[in-house]
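# Residue-level structural notes
One-letter residues, chain by chain:
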Amino acid sequence: MANFRRFRPDDLNKLSKCNLDPLTETYELGFYLQYYAKWPSLFQVAEDQHGNIIGYIMGKLESSPDVYQFSEHYLPWHAHITAVTVAPEARRLGIGKLLTEQLEVAADANNTWFVDLFVRTTNFKAIAFYKSMGYSIFRVVKDYYGDHSSDPTRSSEDAYDMRKPMKRDVKKEHIREDGEKFEVDPSDVW
C-alpha cells in the first residue's frame, strides 16, 4: 500500500520513475521548488514501502489578473492541476484518484470555484480517468503543447481544458456540457 504525504525537496531525485512516461511533462528543478514553496498543500506524493516515489500531484491556486475581469476568458479563483502521474508499476491501484481527491479537498478548503487541468486530446486513458472523477471538457486549447505525443511529423498538439466544479459553484456556472465546441488559442489561457 502507498503512503501519501506532502512533497519534500529531497524527493526531486526520486521522481524519475514517474517522469519516464512520455505523456508526463518534466520540468526544471526550480519549477518543482516553486510549487513546493507557494502551494505545499497542493504538492503531494505517494511512496511505496521502500520510500520510492510512485506517484505525485502538483497543483496551484490562481485566478486571472483583475485587468481581465470582464474578458470572456477570465478565470475566477480556482485550483489548477499542473501534473499528476503514477509510475507504470503502480497504475490501476487508485493512487491517481487518491492524489486528485486530496487536491480537490484542498481546493474546497480554499473556497475555489473549480479545479481545472490540461490534457492532450490524444491521451484517451487520462481523459476517461478525469471524466470518471466528474471532470468535463470546458474548451479546446489549440496547439497548446509544443510537441505531439504520437505523431513526430506534427509540431504541436491540442489540449482539453477540463474542469470539475467545487462546492462553491452551486449553480455550476464554471462548467459546460459541450466544451469540445469551444476553441481558444494558447494566448487566451492565463
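Residues numbered from 1 in each chain as written. Predicted model: local features only at pLDDT ≥ 70, side-chain atom pairs only at ≥ 80, totals over all residues. Heavy atoms only, no water.

An unreviewed UniProt entry lists the chain under the name Acyl-CoA N-acyltransferase, with Lasiosphaeris hirsuta as the source organism.

## Description of the layout of surface pockets
Counted only if it meets this: For cavity detection a 1 Å grid was placed over the protein atoms alone, and a set of points counts as a cavity when a 1.4 Å probe fits there but cannot get out; an open set counts as a pocket when protein lies on both sides within 12 Å along at least five of seven lines, with lining residues being those that have an atom within 4 Å of a point. Grid points are joined across faces, edges and corners, and a volume is the space filled by probe spheres set on the points. Comment: elements are numbered from the N terminus, with helices defined as DSSP H or I runs of at least four residues and strands as E runs of at least two. As a working rule, the residues Ala, Val, Leu, Ile, Met, Phe, Trp, Tyr, Cys and Pro are called nonpolar, Asp, Glu, Lys and Arg charged, and the rest polar, with Gly in that last group.
Here the largest pocket is characterised by a volume of approximately 1200 Å³. Lining the largest pocket are 41 residues, and of these Val 84, Thr 85, Asn 123, Ala 126 and Tyr 130 lie nearest its centre. At the level of elements, helix H2 (29–38), strand E3 (53–62), strand E4 (78–86), helix H3 (95–109), strand E5 (114–120), helix H4 (124–132) and strand E6 (136–145) are the ones that each hand at least two residues to the lining of the largest pocket. If one sorts the elements of the lining of the largest pocket by residue count, E4 sits on top with seven residues. Residue classes in the lining of the largest pocket are distributed as 23 nonpolar, eight polar and ten charged.

## Re the sheet that holds strand E8 (residues 183–184)
In a beta sheet, neighbouring strands pair by backbone hydrogen bonds and run either parallel or antiparallel. Counted only if it meets this: One requirement defines pairing of two strands: DSSP has to find at least two bridges between them. Note on contacts: a residue pair qualifies if any of its non-hydrogen atoms lie within 4.5 Å across the two residues. All axes are obtained by fitting lines to C-alpha atoms, using only the stretch in contact for helices, and the reported angles, taken between N-to-C directions, cover 0 to 180 degrees.
Strand order across the open sheet formed by eight strands is E1-E2-E3-E4-E5-E7-E6-E8, with mixed pairing between neighbours. Since the sheet does not close on itself, it has two edges, and those belong to strand E1 (3–6) and E8, each with one partner. In this structure, E6 lies alongside E8, joined through two bridges in parallel fashion. When the sheet's bridge partners are listed, Val 141 is paired in E8 with Val 184. Sheet strands in contact with H2 are strand E2 (43–47), E3 and E4, and its direction is about 65 degrees off that of E3. Each of E4, E5, E6 and strand E7 (157–165) is contacted by H4, which is oriented at about 165 degrees to E5, the strand it contacts most.

## Quick word on H3
Note the threshold: What a helix is expected to span follows from its residue count: subtract one and scale by 1.5 Å.
Under the 1.5 Å per step criterion, the end-to-end length of H3 is 21 Å for 15 residues, consistent within 8% with the ideal 21 Å. Where H3 ends, the next residue or the one after it, Asn 111, has phi of about 55 degrees, a positive value.

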